[in-house]
Protein chains: 2
Amino acid sequence: MDQKIIFSEVQCTKHINAVEDALYVLGGKWKLRIIIALFSGYTRFNELQRRINGISARVLSNELKQLELNGLLKRVVQADQTPVVVEYLATEYAATLKDVVGALADWGQKHKKKITITDNV
Amino acid sequence: MDQKIIFSEVQCTKHINAVEDALYVLGGKWKLRIIIALFSGYTRFNELQRRINGISARVLSNELKQLELNGLLKRVVQADQTPVVVEYLATEYAATLKDVVGALADWGQKHKKKITITDNV
DNA sequence: GTTAGTAGTAAACAAAAGGTTAGTACTAAT
DNA sequence: ATTAGTACTAACCTTTTGTTTACTACTAAC
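As the structure is a prediction and not an experimental result, all values here were calculated from the model. (Residues numbered from 1 in each chain as written. Chains lettered and ligands numbered in written order. Predicted model: local features only at pLDDT ≥ 70, side-chain atom pairs only at ≥ 80, totals over all residues. Heavy atoms only, no water.)

One copy of the chain maps onto the second through a rotation about an axis and a displacement along it. Note on the copies: chain B fits chain A at an RMSD of 0.1 Å, the axial shift is 0.0 Å, and the rotation between them is 180 degrees. Such a combination of rotation and displacement between the chain copies is what one expects of a two-fold axis. When the interface residues of chain B are mapped onto chain A, 100% of them are again interface residues, pointing to one common binding face. (Least-squares fit on C-alpha atoms with pLDDT ≥ 70 in both. Contact = heavy atoms within 4.5 Å.)

In structure tokens:
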């Protein structure tokens, strides 16, 4: 009932700003899903599209460009191959997202259990 | 260069689905910011609007309704007071988001430092 | 009695995000 | 020769999200 204050007044704006900075890069429906797929070893465009349920080629293409701009993946063209093969590889920097993805996936899993049992009050 | 696979193939879909469930509740531009403000002890409508830079009354109102539906806050009307005071209080369930908010804020903070130094390749 | 504050809602609109369809140019198999 | 796959892009449309302005109804201060 009387909820404890977790963050101090001074920390509030700091936290909001930090989350804002994170969401600028990770926000939207798809970016974290793409990062998970990359972590899982999927590298090719159509492979990613098949794995990430519901994403269109246009949106995937745009999202990949933005993730590359933010240093989370590298687009590698294997020009020696026929046909030319394009690979999207998570960078080392993307690995710093492990905690974020982990925390969110954990919570999501627990939340799903909660709503399937409680059916939400 | 040769990025290690962090999640196994089997875990990929599980992770994506879990993150999907989390984003269903927390996704969008405002929800996490509102939760942080609630954690910080801000409880009143106008107080929240002042604290969360850029949010309009309409959007704040809608977001608060959704957060209440998902059990993350309680809308409490102090009817005895004049004028009537409305308080939005984070629930205990919302406290389970501490790790998520923490991980995201941490990453956002580090990312901001990175881009202000490196200026991004 | 005018101004400011509380806690919003309604209507109208604009912007951002995402979806749909089709198409390119090339290869490889049937 | 047709079908299927790769890796996309363009144009167009819809949906979602957010903004702005105005308004309610009430209180409290100046």
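All right, on to the pairing of strand 1 (residues 73–78) of chain B then. The two faces of the sheet receive side chains in turn, since in a regular strand these alternate between them. All names here are of chain B. Examined bridge by bridge, strand 1 and strand 2 (residues 85–90) share 6 bridges and lie antiparallel to one another. Across the sheet, Arg75 pairs through a bridge with Tyr88, a residue of strand 2. Between strand 1 and strand 2, which pair antiparallel in sequence order, lie 6 residues. (Pairing = 2+ DSSP bridges. Helix = DSSP H or I, 4+ residues; strand = E, 2+ residues; numbered from the N terminus.)

In the vicinity of DNA strand C there are 17 residues, among which Arg58 of chain A together with Arg44, Ser61, Arg75 and Tyr88 of chain B approach most closely. Of everything in DNA strand C that lies within 4 Å of the protein, sugar and phosphate atoms constitute 67%. Arg44 of chain B is positioned such that a nitrogen or oxygen atom in its side chain is 2.5 Å from a phosphate oxygen of DNA strand C. For DNA strand C, a phosphate oxygen lies 2.6 Å from a polar atom in the side chain of Arg75 of chain B. Mapped by element, the contributors of at least two residues to the surface near DNA strand C are helix 4 (57–69) of chain A together with helix 3 (45–51), helix 4 (57–69) and strand 2 of chain B. (Near = heavy atom within 4 Å. Polar contact = N/O pair within 3.5 Å; in protein donor to acceptor, adjacent residues only side chain to side chain.)

What follows covers helix 2 (residues 31–39) of chain B. Residue and element names in this part refer to chain B. Of all the 9 residues making up helix 2, 9 are buried; the element is thus mostly covered by neighbouring parts of the structure. Listed in full, the buried residues belonging to helix 2 are Lys31, Leu32, Arg33, Ile34, Ile35, Ile36, Ala37, Leu38 and Phe39. A positive backbone phi angle near 100 degrees is found at Gly41, which sits one or two residues after helix 2. (Buried < 20%, exposed > 50% of the residue type's maximum accessible area, 1.4 Å probe, protein only.)

A separate point is the UniProt feature "domain: HTH hxlR-type" (unreviewed entry) in chain A. Mapped onto the present numbering, the UniProt feature "domain: HTH hxlR-type" (unreviewed entry) falls on residues 12–116 of chain A. In residues 12–116 of chain A, the share of helix is 60% and the share of strand is 11%. The end C-alpha atoms are 33 Å apart. (UniProt positions renumbered as here; feature names shortened; annotations may be inferred.)

Here we come to the layout of surface pockets. By volume, the largest pocket is sized at about 350 Å³. Lining the largest pocket are 19 residues, and of these Gly27 and Gly28 of chain A together with Leu23, Gly27 and Gly28 of chain B sit closest to its centre. Secondary-structure elements contributing two or more residues to the lining of the largest pocket are helix 1 (9–26) and helix 2 (31–39) of chain A together with helix 1 (9–26) and helix 2 of chain B. The biggest single contributor to the lining of the largest pocket is helix 1 of chain B, with 4 residues. In terms of residue class, the lining of the largest pocket is made up of 10 nonpolar, 4 polar and 5 charged. Considered as a void within the structure, the second largest pocket measures approximately 250 Å³ in volume. Contributing to the lining of the second largest pocket are Gly102, Ala105, Asp106, Gln109, Lys112 and Lys113 of chain A together with Gln11, Lys14, His15, Asn17, Ala18 and Asp21 of chain B. Mapped by element, the contributors of at least two residues to the lining of the second largest pocket are helix 5 (98–118) of chain A together with helix 1 of chain B. (1 Å grid on protein atoms, 1.4 Å probe; cavity = no way out; pocket = protein on both sides within 12 Å on 5 of 7 lines; lining within 4 Å. Points joined across faces, edges and corners; volume = space filled by probe spheres on them. Nonpolar A, V, L, I, M, F, W, Y, C, P; charged D, E, K, R; others polar.)

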